[in-house]
Amino acid sequence: MAVAAEARKMEKGEQVSGGPPTWVAGPLGWGPRKFQELKTFFVEVRSELKKVTWPSRKEVYSTTLVVIATSILFGFYLWGLDLAFSRVMSLVLAR
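Residues numbered from 1 in each chain as written. Predicted model: local features only at pLDDT ≥ 70, side-chain atom pairs only at ≥ 80, totals over all residues. Heavy atoms only, no water.

### Examining the packing of aromatic side chains
Here a ring pair, both rings aromatic, is described through the centre-centre distance and the interplanar angle of the planes. Counted under the stated rule, the structure contains two aromatic pairs. Considering the side-chain rings of Phe41 and Phe42, the 5.4 Å spacing of their centres and the 65 degrees angle between planes classify their relative orientation as edge-to-face. Where Phe76 meets Trp79, the ring centres are 6.3 Å apart and the plane angle is 75 degrees; that geometry is what we call edge-to-face. Pair noted here: Phe76 and Trp79 are both in helix 4 (residues 57-94), with a separation of three residues, about one helical turn. No difference in accessibility class separates Phe76 from Trp79, as the two residues are exposed. (Phe/Tyr/Trp six-rings, centres within 6.5 Å; stacked < 30°, edge-to-face > 60°. Helix = DSSP H or I, 4+ residues; strand = E, 2+ residues; numbered from the N terminus. Buried < 20%, exposed > 50% of the residue type's maximum accessible area, 1.4 Å probe, protein only.)

### A few points about the pattern of salt bridges
Pairing between side chains of opposite charge can happen when the charged atoms of each approach one another. Summed over all chains, the structure comprises two salt bridges. Between Glu37 and Lys34 there is a salt bridge, and its shortest N-O distance comes to 3.3 Å. In this pair, Glu37 and Lys34 both sit in helix 3 (residues 30-50), three residues apart, roughly one turn of the helix. As a salt-bridge pair, Glu48 and Lys51 come within 3.3 Å of each other at their nearest N and O atoms. Using a relative accessible area of 60% as the deciding quantity, one classes Lys51 as exposed. (Salt bridge = Lys/Arg side-chain N within 4 Å of Asp/Glu carboxyl O.)

Next up, the structure:
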């Protein structure tokens, strides 16, 4: 019965228990509340990072080489397309 009365007070925004009124507790409680949220965030980040399967040095090395080689190939491919389109556009605009 008392729980229902407290729930009704909370819905109306009235003070439920001892302490400062809600219009004071809101702004004053902002700092500690945000600090607690930040602390919770870092605890959760740490627990999630423990679940990560980190690649070995060999895997990182091989995938890095693949990325570099792919970047070079696409760079030359796009450079060739740029040269071809530049020549075509110069011929079209020269007329």
